[in-house]
Structures are given as C-alpha cells and as structure tokens.
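Notes for the structure review
Chain by chain, the residues run as shown.
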Amino acid sequence: MSRLFLKDPLAVLEPAAAGGIVVEDGRIAELVPSGGAPAAPVDEVFDCSRHVVLPGLVNTHHHFYQTLTRAHPSAIDKELFPWLQALYPIWARLDEDSFRQSVRLALTELLLSGCTTAADHHYLFPKGLERAIDIEAEEARALGIRVTLTRGSMNLSQKDGGLPPDSVVQDEDDILADSERLLNGLHDRSDGAMVQIALAPCSPFSVTKSLMQQSAALAERFDCRLHTHLGETEDENRFCEARFQCRPVDYLEEVGWMGPRTWLAHGIHFTSEECRRLGAHKVGVCHCPTSNAVLASGFCPVSELEAAGSPVGLGVDGSASNDGSNLMEGVRHALMLGRLRTGSASAVTARDALRYATSGSAACLGRADIGLIAPGLQADLALFMLDELRFSGAHDPIAALVLCGATRADRVMVAGRWRVLDGQPVGVDIAKLRAEHGAAARRFA
C-alpha cells in the first residue's frame, strides 16, 4: 500500500493538519502538524504549498436530469408551482440516452467544484426510463465519485388532485418493487461505500400518504435513508392544509418520517416550534440557497434548525433552478443569504458555510466516514488554488475561498485517488461531453 504525503498546504480546514496529510489505502492515515514530518516513510510527496485543502464537499440534494433544461424559456422567472407545471411535460420526454448525458455532465460539474459525494433525487420515470437509477450508478462509478442515489417517486397526478401530469407518475406497487430491487442490488452500507440508495417520494403534492408510509417501512427494513422536499413554499403549506388538514411537518410525523433516518430538501417555511420538533428528532435539512433565491422561495432558518439539533447540509438543487451544479458556489450563497436573513454580518462565517457543505452534509446522509479531515476517514479532499486575480490581496486563505468566490478546484481526491488533476476531470473529454450533452439538450427546446 503506497503512502502519499500532501505536504505543507497553504491552508487546511483542519488545524491539526497544518503540516500536511498522509493518505494510505484510500483513507487519511495521519495528520502532520506544522513543521512536522510523517511518523513513517512515505512513497510519494505532493507539494501543497499553493493549495488550500478542504474535506471533499458533499452535495445533499440535486436533480441531475435538469441539466438538460437550464434557463428554459418555458420556466424562466416563475416560482415553484408554475415552474414545475411548465417543465413536467418537457421532462416527460426523457429517454435513456439523454438522461445518461445529463448525469455525466452533472457529476463532472460537481467534481470540478470540489464535490466528492453527491446525492441525487430522481423521481421521473417515463416509459423507457425504468433503469434511471442504474444508469446513475454506472456513471458515478465511471467517474469515481461517491453517490447516494435516491429512488424518487410520484404517484399523485393531476387527476387525483396532485401537481404532476399523468404521464410522469407511477403505480405505488411498481415504485415499491423497484425500490426493493435497487436496495437489494446497489445499497452498500459498509464504511467507504461508493454507492448507497435512499427512498425519496417527491413531495406532499405529488405522492400519496400510503406511499410515504410504505417507503418508511421499507427504509426501516433495509436500513436506508429517507428523503423528500418539504417546507419549500407557502403553496406547499396551503396544499397540505387543504388535502391533509395539517401543515407539512405534521404530515411528516403522521406518515412515520419524523426521525434521524430522514433528511429534507429546502426546509424554508418552518415555524420556530417546527424547527424545535425537527431538531428533537434529529431530522436533517438540506439548505439549497441558490435555487431558493432563483425561485424566490425564501430563506431556510439554518441557525434555528442547527440550534434545535437538526443536521444542516448543503445542496445545489436541480440545474433547472440553480442553474448549475457548482457546490462551492453554493457555499458562498449560503453565507450571503444567511447574513441577509438575519441582518448580521457575523451570523454565518465562511467556516460555517463550509461546515454545512462538509460535515453537516455528511450527517444528513448518515455518513461518519466522510466530511472531515481526520485519521481513519475516507481520503476525500478538495484542493483549491488562489492564483486568480479575484484572490489577490486575500489574507485568510480559507475565508478567501468563500468571500472571494472560488468556483473550481485544482485537484480533487476521492477514496485516495485523484479524480481532478490541474483543473481537469480525469478520463473525461470536456469538449466531447459538452457537444454530446448540448445535442441531447436541444431535443428539449
């Protein structure tokens, strides 16, 4: 087993590693203090004196397929419900080839932004796309990025009082059978897992109460996570009150989802009392600042949720509402929106925002093996350089990544292997990917 010494970083998020990090067999083997040397011989040394080293970023909410419909004329300048209603008929045209291109591009974008683990929420299964989650797993393995693939679902269509059209929903029995198939075939619960499966009925306005309950039972049986959209808009609150005679958090408790197995996307429209309830049950929340700003959905009460005990992570959300897949950019947006919401420049620091995207996100996914730079954890690392003009004059290298607007990593390591080198994804022809994805996207005009 070779030992790699990442020597003398310009800065590192973990102070105990000021002198460097030793990587062995895919894990962090040793943290070297400033001025120190590795305790045992190493086989290779990489000079990190021009790099700021972070734990690999962890994206806890995305919709990879939406890279095909960025800045789409049918959806520009609309809020969530009309935005969805405009795009559902377009997304219904997804096929395996276009979907594979969307996944490959989204994962490549994420890697380039310093992301080493990504959770995708895929809930659209038009005829012919039944293998969507399998395709995601194949693409992730080819790129070498960790993933939590959520088997999303919708079974409450417009004819039944839901939001999506009939063409994109599935029968509950089919959803549960495929969920079980994927859990049996792809869900890896071991330390260092590269692919995990979670169950993710889409939202209160697109699934039945029965599907929520049956998914919770299946998750308990297979020991997997549960994920859904919740508290994103006031429209959702009104829908729940009209259909279920309760608010979304009450609904979550009623269907058996109020527990540490669950993490939610958005979590904007929660009252203080609801934040306390979610925190008491250790329900995780993925903050999606960029998407929330684009759709004018509101501000996630991050500080209240964390204070109550909820893990808070970060997500880019769909590339049709972001309109990108750049998690490092989302870190900066989390800082800015957090300060705007509270009216305090000290309410969210650069290190707070980085914590959301690393250890906070890892906690949302139920993973104790990633998200920090510590001995024994997976060697998932993102290395950024401060050579661009935007960083000139910056005195705190870590704060500079966030405040000066870093967007692209120079090197990215997953499980001890370089997946981005000199700003380029290993094994990916960027020009070819751009051309093929662009051709696929034109079919959705």
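The protein chain appears in an unreviewed UniProt entry as 8-oxoguanine deaminase from Aureimonas ureilytica. The record held by UniProt for the protein chain lists under Sequence similarities (unreviewed entry) the comment "Belongs to the metallo-dependent hydrolases superfamily. ATZ/TRZ family."

Glancing now at the UniProt feature "domain: Amidohydrolase-related" (unreviewed entry) in the protein chain. Within this numbering scheme, the UniProt entry marks residues 52-418 as carrying the feature "domain: Amidohydrolase-related" (unreviewed entry). This span, residues 52-418, is 40% helix and 16% strand, and a straight line between its end C-alpha atoms measures 16 Å.

This next bit is on the domain arrangement of the protein chain. Interfaces are often described in size by the accessible area the parts lose on coming together. For the protein chain, the domain assignment lists domain 1 (3-54 + 378-425) and domain 2 (57-365). In this structure, domain 1 and domain 2 have C-alpha centres spaced 30 Å apart. Between domain 1 and domain 2, the residue contacts involve 28 residues of the former and 24 residues of the latter. Where domain 1 packs against domain 2, one counts three salt bridges. Asp380 is the salt-bridge partner of Arg146, the closest N and O atoms lying 2.7 Å from each other. Inspection of the region where domain 1 meets domain 2 yields eight residue pairs in polar contact (both at pLDDT 80 or more). Mapped onto the side of domain 1 that touches domain 2, the elements with two or more residues apiece are strand 15 (381-385), helix 13 (397-403), strand 16 (411-414), strand 17 (417-421) and strand 18 (424-425). Take the side of domain 1 that touches domain 2: its biggest share by element is five residues, from helix 13. Broken down by class, the residue content of the side of domain 1 that touches domain 2 amounts to 18 nonpolar, five polar and five charged.

Moving on to unusual backbone geometry. Residue Asp323 is bonded to the preceding Asn322 through a cis peptide linkage, with omega at 5 degrees. In this fold, Asp323 is placed in the loop between strand 14 (312-314) and helix 11 (327-342). The phi dihedral of Gln245 falls on the positive side, at around 60 degrees, and the residue is not glycine. Relative to the helices and strands, Gln245 resides in the loop between helix 6 (234-244) and helix 7 (248-254). Its identity is not glycine, yet Lys282 carries a phi of approximately 60 degrees, on the positive side. Inspection of the secondary structure puts Lys282 in the loop between helix 8 (272-280) and strand 13 (284-287).

Helix 14 (residues 430-442) packs onto helix 2 (residues 96-112) with a crossing angle of 135 degrees between their chain directions and a minimal axis gap of 9 Å. Relative to helix 14, the element helix 2 is oriented oblique. Pair helix 2 / helix 14 crosses with left-handed handedness. From helix 2, Ser98, Gln101, Ser102, Arg104, Leu105, Thr108 and Leu112 reach across to helix 14, where they touch Ile430, Leu433, Glu436, His437 and Ala440. Residues that form the contact of helix 2 with helix 14 fall into these classes: five nonpolar, five polar and two charged.

Attention shifts here to the nonpolar core. In this structure, Trp83, Tyr88, Trp91, Leu107, Leu124, Leu278 and Met328 are the most contacted members of the largest nonpolar core, which totals 117 residues. Two domains each donate at least three residues to this core, and these are domain 1 (3-54 + 378-425) and domain 2 (57-365). Apart from residues lying up to four places away in sequence, Trp91 is in contact with Tyr65, Gln66, Thr69, Trp83, Leu84, Tyr123, Leu124, Pro126 and Ala320. Listed in part, the 17 residues of the second largest apolar core include Ala17, Leu31, Phe46 and Met413.

With that out of the way, let us pick up the packing of aromatic side chains. As enumerated under the stated definition, the model contains nine aromatic pairs in all. Relative to Trp91, the ring of Tyr65 has its centre 5.0 Å away and its plane inclined at 90 degrees; by these criteria the two rings are edge-to-face. Of the two residues, Tyr65 sits in the loop between strand 7 (57-59) and helix 1 (80-91) while Trp91 sits in helix 1, which places them 26 residues apart along the sequence. Each member of the pair, Tyr65 as well as Trp91, carries the same accessibility label: buried. Ring plane angle 85 degrees and centroid distance 5.9 Å describe the contact between Tyr88 and Trp91, whose orientation is recorded as edge-to-face. Of this pair, Tyr88 and Trp91 are both found in helix 1, three residues apart, which corresponds to roughly one turn of the helix. For the pair Tyr88 and Trp91, a shared accessibility class is recorded, and that class is buried. Counting every residue linked through ring pairs, the aromatic cluster contains Tyr65, Trp83, Tyr88, Trp91 and Tyr123. Taking NZ or CZ as reference, Arg151 lies 3.8 Å from the ring centre of Phe125, over its face. Positioned over the ring face of Trp418 is Arg411, at 4.8 Å from the centre of the ring.

Here four strands make up an open sheet; going across it, the order is 4-3-1-5 and the pairing mixed. For this open sheet the edge positions go to strand 4 (27-32) and strand 5 (44-47), each flanked by a neighbour on one side alone. Here the average twist between neighbouring strands, direction ignored, is 20 degrees. Judged from the four bridges that link them, strand 1 (residues 3-7) and strand 5 form a sheet pairing that is parallel. Within strand 5, the position partnered with Leu6 by the bridge is Phe46.

Let us look at helix 5 (residues 209-222). Between the first and last C-alpha of helix 5 there are 20 Å, a value that for 14 residues agrees with the 20 Å anticipated at 1.5 Å per step. Of all the positions in helix 5, only Leu211, Met212, Ser215, Ala216, Leu218, Ala219 and Phe222 are classed as buried. Angular distribution of buried residues about the axis of helix 5 spans 165 degrees; they occupy a single face of the element. Exposed residues pointing more than 90 degrees away from the buried face of helix 5 are listed as Glu220 and Arg221.

Conventions and cut-offs
Residues numbered from 1 in each chain as written. Predicted model: local features only at pLDDT ≥ 70, side-chain atom pairs only at ≥ 80, totals over all residues. Heavy atoms only, no water. UniProt positions renumbered as here; feature names shortened; annotations may be inferred. Helix = DSSP H or I, 4+ residues; strand = E, 2+ residues; numbered from the N terminus. Domains from an automatic or database assignment. Contact = heavy atoms within 4.5 Å. Salt bridge = Lys/Arg side-chain N within 4 Å of Asp/Glu carboxyl O. Polar contact = N/O pair within 3.5 Å; in protein donor to acceptor, adjacent residues only side chain to side chain. Nonpolar A, V, L, I, M, F, W, Y, C, P; charged D, E, K, R; others polar. Axes fitted to C-alpha atoms, helices over the stretch in contact; angles between N-to-C directions. Parallel < 35°, antiparallel > 145°, perpendicular 65-115°, else oblique. Left-handed = near helix turned anticlockwise from the far one by under 90°. Core = buried A, V, L, I, M, F, W, Y, C linked by side-chain atoms within 4.5 Å. Buried < 20%, exposed > 50% of the residue type's maximum accessible area, 1.4 Å probe, protein only. Phe/Tyr/Trp six-rings, centres within 6.5 Å; stacked < 30°, edge-to-face > 60°. Lys NZ or Arg CZ within 6 Å of the ring centre and 35° of its normal. Pairing = 2+ DSSP bridges. Expected span 1.5 Å × (residues − 1). Arc of directions from axis to C-beta.

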